[in-house]
Structures are given as C-alpha cells and as structure tokens.
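# Structural overview
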Amino acid sequence: MFLINCPYCGERDQSEFSAGGEAHIVRPKQPTELSDDQWAEYLFMRKNIKGVQFERWNHSHGCRKWFNMVRDTSNDKIHAIYKMGEKPPIK
Amino acid sequence: MLNYNSTIIEAKEYSDIKISEVEPTLKINLRGKNRDFVTKIGKELSIILPTDPNTSSGNKELNLLWLSPDEWLIYSNDKNNLETINSSEDKLFNDISKTKLGSVTNVTDHWIMINLKGPKIFDMLSAGCPFNFNKFKYSKGAVTQTLLNHVDVIIHNKDINNLNLFVRRSFSNHLWLWMNDSARFV
C-alpha cells in the first residue's frame, strides 16, 4: 500500500486507483501496412522492467481522470506524476 | 421509469452518531469544459461553479459539488417532490444540453443521500475508508470521492460534524447496514 498524489484531487490511497499499463506507446500511423508481427508488437508487447517505469494510472474511485506516473517497480517509489499529454519531467 | 422507492426506511440513532436517509432529493450531474458553460451555470442557479478541487458552493436550496475538473453534482438540501425535480432538470437541460454547452443528467434515482450527524461520525467512517479525514473534518464545504467499505461514495462536509454521503442505489442498503453495524462499536 502506498499513497499516490493525484494531479487533480491530491494525495489519496493507492486502493482508489487502477493501473493502466505502460505509458507513451505510440500507435502506428498506417496499421494496414504493418505485418502481423509488427502489429502484435505494438498491441501486446510491454517492457515490464524491474526498475523505473513510465505508467498510466486512473483515479477510478475519485475524479476518474487518467494521468502518467514514473514509478520504480522494485520498491514502489514514485519519481514523478504528470497529466496526460504532458512530457515526462525526467528521462 | 425512474425508481424513487427507497430501501431504507427508518432513521437510526446511536450515542454519538445519527444516521438518516434524505430522499427523494434533486440530484443533477453536470459536465462541461468551456467558459460559457461556467458562466451559464452561474447565471442559471445563481451559484458560482466551484473550480478548486475538493470544494463546493451553494445557497439555501442547492449545493454544487466539485467531482472532477469537468464534472459537478447539484443537489438540494431539502426533500423535493417529483414535479420540482423534473422541472428543474428540464430547465437546465434546455439551456445547457440543447445549446451544446455541456451535459445535464438527472441522477436523482442513481444516488441515495444519507445524512450523518454527531461527534463520532469520522471515527465510524475511518473504520472502512482509506481517506485521511484530519483536515477534511474542519473544512466546511469540503468534498471527497472515496471508498467506504469498498463502495464508491461522495462525501460532502456540510457543517461541523454534519455530513451528507452519496451512495449508489444498489449499494445503499448494504452500506446502510454496514454503517449501522460499525456505529455500534465507536
């Protein structure tokens, strides 16, 4: 259990949020020209690394807004939180 | 057909907590983003739309709660009859939804309003809620959406030790029983 600072509502318990997977995955511009392998790569393949990861989260039991989060998956330390459409503050 | 029949009938009183249902009350969900929408709502209800997170505004009859950057909830303090509820909805719907400024949805039958009073209500809520009430307790008009015993609720801090809690109709009976159960132990 940990606290997440929602960019709209402020600090709330993790149980109010739901994780939405890896962030910043760009949809291919011409899906029809891709091979099945390339399409599957975009659709299903996620990094799932141990360490600092860029993720999407949703405050599903609060304001129901999506936002991005930089989280260390090994110890749940949150490095940054930023709104959708914004550039990540750290690399 | 909207269902206004309530599942909860009697009000309950414990040594430091009083729980009662206030139904039917007018409840309308508002969604909109642009500035015209905000000014139109202000004129329509003569209440300023709260834009700060977790706050509310209101007058004698109505309250406006902030739910999200583009979502608000209107509710009435007192019980209403069906005609008043429908006419208030129609007026807002014609002025806002039809002119495409934003969206107006009547959620009168969707939420159940439960009034909690007494010095120990926050102890009772904390038994099944991850929200930190330390600051919330003393800020009049504060609003939060959180989980109470795994059920989604909206909590409006009306006055000191007097709050209104909104719960979805299908969960209301379950939450009512849970609240009565935990009220006996605080």
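For clarity, every value in this text was computed on a predicted model and none was experimentally measured.

### Some points on the overall build of chain B
When helices and strands are counted, chain B shows four helices and eleven strands. Whereas a compact globule of 186 residues would reach a radius of gyration of roughly 16 Å, chain B reaches 16 Å, a difference of no more than 12%. Overall, the C-alpha framework of chain B stretches about 50 × 35 × 30 Å when taken along its three principal axes. With 186 residues in all, chain B has 35% of them scored as buried.

### Examining the interface of chain B and chain A
Taken together, the contact pairs ten residues of chain B with eleven residues of chain A. If you list the elements that add at least two residues to the side of chain B that touches chain A, you get strand S5 (62-68) and strand S9 (143-148) of chain B. Of the residues forming the side of chain B that touches chain A, the biggest block, three residues, is contributed by S9(B). Each residue belonging to the side of chain B that touches chain A can be placed in one class, and the counts come to five nonpolar, four polar and one charged.

### Details of the environment of B:Pro24
The residue B:Pro24 is located in the loop between strand S2 (18-21) and strand S3 (27-31) in this model. The spatial distance from the C-alpha of B:Pro24 to the C-alpha of B:Ile160 is 24 Å, given a sequence separation of 136 residues.

### Here's the deal with the nonpolar core
Counting 50 residues, the largest nonpolar core has B:Trp72, B:Leu165 and B:Val167 as its most contacted members. Setting aside residues no more than four positions away along its own chain, B:Trp72 makes contact with B:Leu30, B:Leu49, B:Leu64, B:Leu65, B:Trp66 and B:Leu67.

### Quick notes on the sheet that holds S2(B)
All names here are of chain B. The six strands lie next to each other as S1-S2-S8-S11-S10-S9, forming an open sheet whose pairing is antiparallel. Here the strands that pair on one side only, and so sit at the sheet edges, are strand S1 (12-13) and S9. Alignment of strand S8 (residues 111-117) against strand S11 (residues 162-168), held across seven bridges, turns out to be antiparallel. Across the sheet, the residue bridging to Met-113 is Phe-166, located in S11. Sitting on the sheet, helix H4 (residues 169-183) touches S1, S2, S8, S9, strand S10 (151-159) and S11, and the angle it makes with S11 is about 135°.

Calculation notes
Residues numbered from 1 in each chain as written. Chains lettered and ligands numbered in written order. Predicted model: local features only at pLDDT ≥ 70, side-chain atom pairs only at ≥ 80, totals over all residues. Helix = DSSP H or I, 4+ residues; strand = E, 2+ residues; numbered from the N terminus. Rg over C-alpha atoms; globule rule 2.2 N^0.38 Å. Buried ≥ 20, exposed ≤ 12 C-beta atoms within 10 Å, placed from the backbone. Contact = placed C-beta atoms within 7 Å. Nonpolar A, V, L, I, M, F, W, Y, C, P; charged D, E, K, R; others polar. Core = buried A, V, L, I, M, F, W, Y, C linked by C-beta atoms within 7 Å. Pairing = 2+ DSSP bridges. Axes fitted to C-alpha atoms, helices over the stretch in contact; angles between N-to-C directions.

By themselves, these are just geometric observations and shouldn't be taken as functional.
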